[in-house]
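# Fold and geometry: a report
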Amino acid sequence: MRVKDVMMRTPVSCRPETNVGAAVEMMWFRNCGMLPVVNAEDRVIGVVTDRDICIALGTRNRLPGEVTVGEVSPGKLFSSKPNDEVQAALAVMAQTKVRRLPVINEEGKLEGILSMDDVVRHAEPGILGKVSELSYDDVVNTLKKVYQLQFPVSVREKAAAA
């Protein structure tokens, strides 16, 4: 099964200069927790999540309209391509501990979003004698890795110093 068979094909995106208030509004109306960030040429250059925005606003004494997506986007981009196997995308999710990936074509342009929600909806139970393209085990094993307990960097540093 390919990513393009599972992904959501009508993603919304924003630009680095979009203020986080507008980004939150986009997430609210589209019922999503991640926005790809695109440049002037519509190439994906990053992502911003609802968590990124929440932490940024909780640690700054600024209004959402005064903070841009470019200021809070972590700068790391993990993605998938439309023709990648879903299992390859799940491996990226597990390794990078993310639940959503922008799906980017060869030109670097956004074609969709692959989320664990999409994967769950397409998973099938393992049935004796039948091989599933995307099994419940694939999904659960990925989620276990994504949700593996990981402390923030500052907590790890304090523990190491003690």
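Residues numbered from 1 in each chain as written. Predicted model: local features only at pLDDT ≥ 70, side-chain atom pairs only at ≥ 80, totals over all residues. Heavy atoms only, no water.

Here we take up the layout of surface pockets. Its volume calculated, the second largest pocket comes out at about 450 Å³. Around the second largest pocket sit 20 residues that line it, and Asn31, Cys32, Arg100, Ser115 and Asp117 are the ones nearest its centre. Broken down by secondary-structure element, the contributors of at least two residues to the lining of the second largest pocket are β1 (34-38), β4 (110-115) and α5 (116-122). At 5 residues, the largest contribution of residues to the lining of the second largest pocket is made by α5. Looking at the lining of the second largest pocket residue by residue, the classes come out as 10 nonpolar, 4 polar and 6 charged. (1 Å grid on protein atoms, 1.4 Å probe; cavity = no way out; pocket = protein on both sides within 12 Å on 5 of 7 lines; lining within 4 Å. Points joined across faces, edges and corners; volume = space filled by probe spheres on them. Helix = DSSP H or I, 4+ residues; strand = E, 2+ residues; numbered from the N terminus. Nonpolar A, V, L, I, M, F, W, Y, C, P; charged D, E, K, R; others polar.)

This brings us to helix α2 (residues 50-58). Three or more residues of α2 are buried, namely Asp52, Ile53 and Ala56. The arc that holds the buried residues of α2, viewed along the axis, is 95 degrees, so those residues lie on one side. When the buried face of α2 is taken as reference, the exposed residues oriented beyond 90 degrees from it are Arg51, Cys54 and Gly58. Tucked into the core, α2 has its buried residues touching α1 (20-30), β2 (44-49) and α3 (69-72). (Buried < 20%, exposed > 50% of the residue type's maximum accessible area, 1.4 Å probe, protein only. Arc of directions from axis to C-beta. Contact = heavy atoms within 4.5 Å.)

Attention now moves to the environment of proline 36. The topology assignment puts proline 36 in strand β1. On a C-alpha basis, the gap between proline 36 and valine 103 in space is 9.5 Å, while along the polypeptide they are 67 residues apart. When near neighbours in sequence (up to four residues on either side) are disregarded, proline 36 contacts Val12, Ser13, Cys14, Val44, Gly46, Val47, Pro102, Leu110 and Ile113.

With that settled, the discussion passes to the state of the cysteines. This structure, assessed with the given rule, holds 0 disulfides. Note on cysteine 32: no disulfide assigned, nearest cysteine sulfur contributed by cysteine 14 at a separation of 9.6 Å. A residue is classified by how much of its surface remains accessible, and cysteine 32, at 26% relative accessible area, is partly exposed. (Disulfide = S-S within 2.5 Å.)

On to the environment of threonine 59. Among the secondary structure elements, threonine 59 is positioned in the loop between α2 and α3. Of the polar contacts made by the side chain of threonine 59, one reaches the backbone oxygen of alanine 56; its length is 3.3 Å. (Polar contact = N/O pair within 3.5 Å; in protein donor to acceptor, adjacent residues only side chain to side chain.)

With 16 residues, the main nonpolar core has Val86, Leu90, Leu114, Val119 and Leu134 as its most contacted residues. With 4 residues, helix α4 (residues 86-96) is the single largest residue contributor to this core. In contact with valine 119, other than residues within four places in its own chain, are Val6, Val86, Leu90, Leu114, Leu134 and Val139. If you look at the next biggest cluster of nonpolar residues, it comprises 13 residues, including Cys14, Met27, Ala56 and Val67. (Core = buried A, V, L, I, M, F, W, Y, C linked by side-chain atoms within 4.5 Å.)

In this section: the pattern of salt bridges. Note on pairing: side chains with opposite charge can pair once their charged atoms come close. One pass over the structure, following the stated rule, counts 4 salt bridges. Across the pair glutamate 85 and arginine 2 runs a salt bridge, and its minimum N-O distance is 3.1 Å. One end of the pair, glutamate 85, is in the loop between α3 and α4; the other, arginine 2, is in the segment before α1, and 83 residues separate them in sequence. In this structure glutamate 85 comes out as partly exposed when scored by relative accessible area, which is 34%. (Salt bridge = Lys/Arg side-chain N within 4 Å of Asp/Glu carboxyl O.)

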